[in-house]
Amino acid sequence: MEDLFLRAAQEGNEHAFARIVEAYEKQVYSLCYRMTGSPEDAADQTQETFLKAWRALPSFQGGCALSTWLHRLAVNCCIDFLRRESRHRANVVPLTGEDGAPIQEPPSPDPSPEQRLEQSELHAAVGRALLRLTLEHRQVLLLREQAGLSYDEIAEALSLETGTVKSRIARARLKLREEMRWELS
């Protein structure tokens, strides 16, 4: 079904493209949110991603999955934005659930107020630690852990070798652990 919408969108069918946007909007927004640290900036970069996708769709050859291509566009939009703005925010970025929506409640059915506070503080600490990673480490880690892409898909999305992706992810995880130790100390 996706191929049908993709072909129609490549031919300029706006309704087919709207279906593609609907299918991938939450994933792209979630990735942009984690990279920018701001709901407003994430919304802007999500819109920018789909605008670029609409313009480039006729030339999309299908050499990779559509989701991989959209993730690559989103990462590039966010990197361009962050470079343009030359700012790295230190605000809180909540963790997201499987559907890409921010987690509002801890997974426990009846957590105590203390457990809620601890969980909230942990989410905030992870968000701050992620934002202190370099862009290249943050992007590979988020594409792997949040978007669920394979090493090969990440390599393709970022035009890197698979070995480079693996080493960046390993270094990003180590750096995140260091940042979390600092956050929790």
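Look up: the structure comes first, before these words.
Residues numbered from 1 in each chain as written. Predicted model: local features only at pLDDT ≥ 70, side-chain atom pairs only at ≥ 80, totals over all residues. Heavy atoms only, no water.

1. Things to note about the overall build of the protein chain
The helix and strand tally for the protein chain stands at eight helices and zero strands. Going from N to C terminus, the protein chain has its helices and strands arranged as α-α-α-α-α-α-α-α. Split into buried and exposed, the 185 residues of the protein chain put 42% on the buried side. Here the analysis covers contacts within the protein chain between residues at least 6 apart in sequence; of these, 66% occur between residues at least 24 apart. Put simply, the protein chain shows about 10,400 Å² of open surface, and 50% of that area lies on carbon and sulfur atoms. (Helix = DSSP H or I, 4+ residues; strand = E, 2+ residues; numbered from the N terminus. Buried < 20%, exposed > 50% of the residue type's maximum accessible area, 1.4 Å probe, protein only. Contact = heavy atoms within 4.5 Å. Areas by Shrake-Rupley, 256 points an atom, 1.4 Å probe, with all protein chains shown as cover.)

2. Regarding the pattern of salt bridges
Pairing between side chains of opposite charge can happen when their charged atoms approach one another. Counted according to the given criterion, the structure contains five salt bridges. The salt bridge partner of Arg173 is Glu145, with a shortest N-O separation of 2.3 Å. Taken as a pair, Arg173 in helix α8 (residues 162–184) and Glu145 in helix α6 (residues 135–145) lie far apart in primary sequence, 28 residues in all. For Arg173, a relative accessible area of 28% gives the class partly exposed. Ionic pairing is found between Glu178 and Lys175, a salt bridge with its closest N-O pair at 4.0 Å. Placement of the pair is Glu178 and Lys175 together in helix α8, with a separation of three residues, close to one helical turn. For Glu178, a relative accessible area of 43% translates into the label partly exposed. Owing to a relative accessible area of 32%, Lys175 belongs among the partly exposed residues under this scheme. Ionic contacts of the salt-bridge type, sharing partners, join the residues Arg132, Lys175, Glu178 and Glu179 into one network. (Salt bridge = Lys/Arg side-chain N within 4 Å of Asp/Glu carboxyl O.)

3. Regarding helix α2 (residues 14–36)
Spanning 23 residues, α2 covers only 28 Å between terminal C-alpha atoms, well under the ideal 33 Å at 1.5 Å per step. Roughly 50° is the biggest bend found in α2, and it falls at Tyr24. Capping the start of α2 is the job of one residue whose side-chain oxygen sits 2.9 Å from the backbone nitrogen of His15: Asn13. Note on α2: the residue one or two positions beyond its end, Gly37, has a positive phi of about 80°. (Expected span 1.5 Å × (residues − 1). Bend = angle between axes of the 7 residues up to and from the residue. Polar contact = N/O pair within 3.5 Å; in protein donor to acceptor, adjacent residues only side chain to side chain.)

4. As for the packing of aromatic side chains
Scanning the entire structure with this criterion turns up four aromatic pairs. With a centroid separation of 5.9 Å and 15° between ring planes, the pair formed by Tyr29 and Tyr33 is classed as stacked. Remark: Tyr33 and Tyr29 occur in helix α2; sequence separation between them is four residues, near one turn of the helix. Overall, the relative accessible area of 8% leaves Tyr33 in the buried class. (Phe/Tyr/Trp six-rings, centres within 6.5 Å; stacked < 30°, edge-to-face > 60°.)

5. Thoughts on the packing of α2 against α6
Each pair of packed helices can be described by the angle between their axes along with the distance between the axes. The geometry of α2 relative to α6 is characterised by a closest axis approach of 10 Å and an angle of 150° between their N-to-C directions. Taken together, the axis directions place α2 and α6 in an arrangement best described as roughly antiparallel. Crossing hand, α2 versus α6: right-handed. Contact with α2, carried on its side by Leu31, Arg34, Met35 and Thr36, involves Leu135, Arg138, Gln139, Leu142 and Leu143 of α6 and no other residues of that element. (Axes fitted to C-alpha atoms, helices over the stretch in contact; angles between N-to-C directions. Parallel < 35°, antiparallel > 145°, perpendicular 65-115°, else oblique. Left-handed = near helix turned anticlockwise from the far one by under 90°.)

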